Amino acid sequence: MERIEMVEKLVEKTGVSYAEAKAALEENGWDMLDALIALEKSGKVHGKKTTASYSTASEQKKEPENTSKTDDAGSGWEDFKRGFIKLIKKGMVNSFVVTRRGEEIINLPVLILLIVACFCFWLLLPLLLIGLFFECRYSFQGEDLGKKDVNDAMHKASSYAEDLKQNMKTGFNEDKKE
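Below, the structure is looked at part by part.

What counts, and where the lines are drawn
Residues numbered from 1 in each chain as written. Predicted model: local features only at pLDDT ≥ 70, side-chain atom pairs only at ≥ 80, totals over all residues. Heavy atoms only, no water. Helix = DSSP H or I, 4+ residues; strand = E, 2+ residues; numbered from the N terminus. Buried < 20%, exposed > 50% of the residue type's maximum accessible area, 1.4 Å probe, protein only. Contact = heavy atoms within 4.5 Å. Areas by Shrake-Rupley, 256 points an atom, 1.4 Å probe, with all protein chains shown as cover. Pairing = 2+ DSSP bridges. Axes fitted to C-alpha atoms, helices over the stretch in contact; angles between N-to-C directions. Parallel < 35°, antiparallel > 145°, perpendicular 65-115°, else oblique. Left-handed = near helix turned anticlockwise from the far one by under 90°. Nonpolar A, V, L, I, M, F, W, Y, C, P; charged D, E, K, R; others polar. Core = buried A, V, L, I, M, F, W, Y, C linked by side-chain atoms within 4.5 Å.

## With respect to the overall build of the protein
Here is step 1: In terms of regular secondary structure, the protein is built from 6 helices and 3 strands.
Here is step 2: Start at the N end of the protein and walk to the C end: the helices and strands fall as α-α-α-α-β-β-α-β-α.
Here is step 3: Relative to its 178 residues, the protein shows a buried fraction of 20%.
Here is step 4: Here the contacts in the protein between residues at least 6 apart in sequence split such that 49% fall between residues at least 24 apart.
Here is step 5: Of the accessible surface of the protein, which amounts to about 13800 Å², a share of 58% is contributed by carbon and sulfur atoms.

What follows is the structure in structure tokens.
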């Protein structure tokens, strides 16, 4: 801050004249706080014109006694725990549905499907693919309707499997006729 700005700031904060503020700053090595204290001690301060104040007290913010750096880690843990519980609830509210010829065969929570997929992925994936050729259709149902794209993709896979099955039957029947 330039010296002129310092003088103007001191005049603004204390209400003293420009000459008095400049003199106080010069006497105190252009230290704003020391100049303010000197003006207060000499009784020249006529009153503050703004609500801002200066103080010689420490301005450090005190932390509540119960908090510490380990609580920050606890906060992260709490966030993780809340997110995990929310994920579990979504997994239980939404379900994976298998239908065949319009009749519902299986309706199980998505959470159970994920657990089964984790332990039996190499068995589950072929079963789902084979199910497509036996007219099984897969979809997700539940409160969270953000699954429209997934259901559309499953419908397309079912249609593709049906088309492939029809093409294979047609090809097989043509080979028999020859």
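What follows picks up the thread again.
## Quick notes on the pairing of strand 2 (residues 103–109)
Here is step 1: The pairing of strand 1 (residues 95–100) with strand 2 spans 6 bridges and is antiparallel. Among the inter-strand pairings, serine 95 is bridged to a residue of strand 2, identified as proline 109.
Here is step 2: Once strand 1 ends, the chain turns through 2 residues before running back antiparallel as strand 2, passing arginine 101 with a positive phi of about 55 degrees.

## Overview of the environment of valine 110
Here is step 1: By the element assignment, valine 110 lies in helix 5 (residues 110–133).
Here is step 2: Given the relative accessible area of 15%, valine 110 is considered buried.
Here is step 3: Each residue touching valine 110, except ones within four places of it in the same chain, is listed here: Gly91, Asn94, Ser95, Phe96 and Phe140.

## What about the packing of helix 1 (residues 3–14) against helix 3 (residues 32–42)?
Think of two packed helices as two axes; the pair is described by the angle between the axes and how far apart they sit.
Here is step 1: As a packed pair, helix 1 and helix 3 sit with axes 11 Å apart at the nearest point and diverge in direction by 40 degrees. Accordingly, the angle class assigned to the pair helix 1 and helix 3 is oblique. The interaxial crossing formed by helix 1 with helix 3 has right-handed handedness. Contacts between helix 1 and helix 3 pair Met6, Lys9, Leu10 and Thr14 from the former with Met32, Ala35, Leu36 and Leu39 from the latter.
Here is step 2: For the contact of helix 1 with helix 3, the per-class residue count stands at 6 nonpolar, 1 polar and 1 charged.

## Concerning the sheet that holds strand 1
Here is step 1: Strands sit in the order 2-1-3 across an open sheet of 3 strands; the sheet is antiparallel. Since the sheet does not close on itself, it has two edges, and those belong to strand 2 and strand 3 (136–141), each with one partner. On average, each strand axis in the sheet is inclined to that of its neighbour by 20 degrees, with strand direction left out of account.
Here is step 2: The strands that helix 5 touches are strand 1, strand 2 and strand 3; relative to strand 3, the one it contacts most, it runs at about 155 degrees.

## Focus on the nonpolar core
Here is step 1: Within the largest apolar cluster, 13 residues are counted, with the highest numbers of intra-cluster contacts made by Val7, Leu10, Ala21 and Leu25.
Here is step 2: Contributing elements (two or more residues each) for this core: helix 1, helix 2 (18–27) and helix 3.
Here is step 3: Apart from residues lying up to four places away in sequence, valine 7 is in contact with Tyr18, Ala21, Lys22, Leu25 and Trp30.
Here is step 4: In terms of nonpolar packing, the next biggest core, distinct from the first, is built from 11 residues, Phe96, Leu113, Met154 and Ala161 among them.

## Some remarks on the packing of helix 2 against helix 3
Here is step 1: With their axes 8 Å apart at the nearest point, helix 2 and helix 3 run at an angle of 120 degrees to one another. Our classification of the angle between helix 2 and helix 3 gives oblique. Handedness of the crossing formed by helix 2 with helix 3: right-handed. Here Glu20, Ala24 and Leu25 of helix 2 lie close against helix 3, whose contacting residues are Met32, Ala35 and Leu39.
Here is step 2: Classifying every residue of the contact of helix 2 with helix 3 gives 5 nonpolar, no polar and 1 charged.

## Quick notes on the environment of leucine 129
Here is step 1: With respect to the helices, strands and loops of the structure, leucine 129 is situated in helix 5.
Here is step 2: Using a relative accessible area of 45% as the deciding quantity, one classes leucine 129 as partly exposed.

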